[in-house]
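Structural characterization, general
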Amino acid sequence: MKMSQNTSDKDEQSSSNKKNISLPISRVRLIMKSSPDVSSINQDALFLTTKATELFVQHLALSSFNKGSGKETNSLSYSDLAHTAEETETFHFLTDILPKKILASDYLKSLEQMQDEDADY
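Calculation notes
- Residues numbered from 1 in each chain as written.
- Predicted model: local features only at pLDDT ≥ 70, side-chain atom pairs only at ≥ 80, totals over all residues.
- Heavy atoms only, no water.
- Helix = DSSP H or I, 4+ residues; strand = E, 2+ residues; numbered from the N terminus.
- Buried < 20%, exposed > 50% of the residue type's maximum accessible area, 1.4 Å probe, protein only.
- Areas by Shrake-Rupley, 256 points an atom, 1.4 Å probe, with all protein chains shown as cover.
- Contact = heavy atoms within 4.5 Å.
- Patch = residues over 30% accessible without salt bridge, like charges linked within 9 Å, V, L, I, M, F, W, Y side chains within 5 Å.
- Salt bridge = Lys/Arg side-chain N within 4 Å of Asp/Glu carboxyl O.
- Lys, Arg positive; Asp, Glu negative; His and termini not counted.
- Charge placed at Lys NZ, Arg CZ, Asp CG, Glu CD.
- Axes fitted to C-alpha atoms, helices over the stretch in contact; angles between N-to-C directions.
- Parallel < 35°, antiparallel > 145°, perpendicular 65-115°, else oblique.
- Nonpolar A, V, L, I, M, F, W, Y, C, P; charged D, E, K, R; others polar.
- pLDDT = per-residue confidence, 0-100.
- Polar contact = N/O pair within 3.5 Å; in protein donor to acceptor, adjacent residues only side chain to side chain.

Some points on the overall build of the protein chain
- Helices and strands together make up the secondary structure of the protein chain, namely six helices and zero strands.
- Ordered by position from N to C terminus, the α and β elements of the protein chain give α-α-α-α-α-α.
- Each of the 121 residues in the protein chain was classed as buried or not, and the buried ones make up 17%.
- Of the roughly 9,800 Å² that the protein chain leaves accessible, carbon and sulfur atoms contribute 54%.

Quick look at the structure:
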């Protein structure tokens, strides 16, 4: 009797854990399988990776919200995320994914300056 009770407890816990996740597990599995180093994915590893990703995104969003201009308008913008990625060492690895937006005219000016500097040497 105890064995069947333990099994049902684990099933209930597993289903309640899945309800605590906002990200789609199937999408996380697809991303994990896209790596050539991954041949099979354990369900526990999939769940933990999904939950860790969710917590990371939540931490990034809260940090960006608290440091950005979103407090006044109760919103979170791309520029808040990009600023947090650039200014916070923990998120610095995201600067390639979340670059600060610049105007095309500003980019062209900086490109011209770089070309002029290269021509001088």
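Brief notes about helix α5 (residues 78-87)
- Within α5, burial applies to Asp80, Leu81, Ala82, Thr84 and Ala85.
- Taken together, the buried residues of α5 touch α3 (43-67) and α4 (70-73).

Details of a negative patch on the surface
- A cluster of acidic side chains, namely Glu112, Asp116, Glu117 and Asp118, defines a negative patch on the protein surface.
- Structurally, aspartate 116 can be placed in helix α6 (residues 104-120).

Some words on the packing of helix α2 (residues 25-33) against α3
- Two elements in contact, α2 and α3, have axes whose closest approach is 10 Å; the angle formed by their N-to-C orientations is 105°. Between α2 and α3, the angle falls in the class roughly perpendicular. Residue-level contacts link Ile25, Val28, Arg29 and Met32 of α2 to Gln43, Leu46, Thr49 and Thr50 of α3.
- Grouping the constituent residues of the contact of α2 with α3 by class yields four nonpolar, three polar and one charged.

Here we look at the confidence of the model for the protein chain
- In the predicted model, the protein chain carries a mean pLDDT of 83, and 83% of its residues have values of at least 70.
- Averaged pLDDT values for the elements of the protein chain fall to 55 in helix α1 (residues 2-19) and rise to 94 in α3.

So, unusual backbone geometry
- Residue asparagine 74 is not a glycine yet carries a positive backbone phi of 55°.
- Relative to the helices and strands, asparagine 74 is located in the loop between α4 and α5.

Quick word on the packing of α3 against α5
- It is at 9 Å that the axes of α3 and α5 come closest, and there the two elements cross at 100°. If you check the angle between α3 and α5, you find them roughly perpendicular. Residues Leu60, Ser63 and Ser64 of α3 pack against Asp80, Leu81 and Thr84 of α5.
- Of the residues belonging to the contact of α3 with α5, the class tally is two nonpolar, three polar and one charged.

Some words on the side chain of glutamate 54
- As for its position among the elements, glutamate 54 is in helix α3.
- Of the residues examined, glutamate 54 reaches a relative accessible area of 14% and is grouped as buried.
- Engagement of the side chain of glutamate 54 in a polar contact is seen with the backbone nitrogen of leucine 23, the distance being 3.3 Å.
- Setting aside residues up to four positions removed in sequence, glutamate 54 forms contacts with Asn20, Ile21, Ser22 and Leu23.

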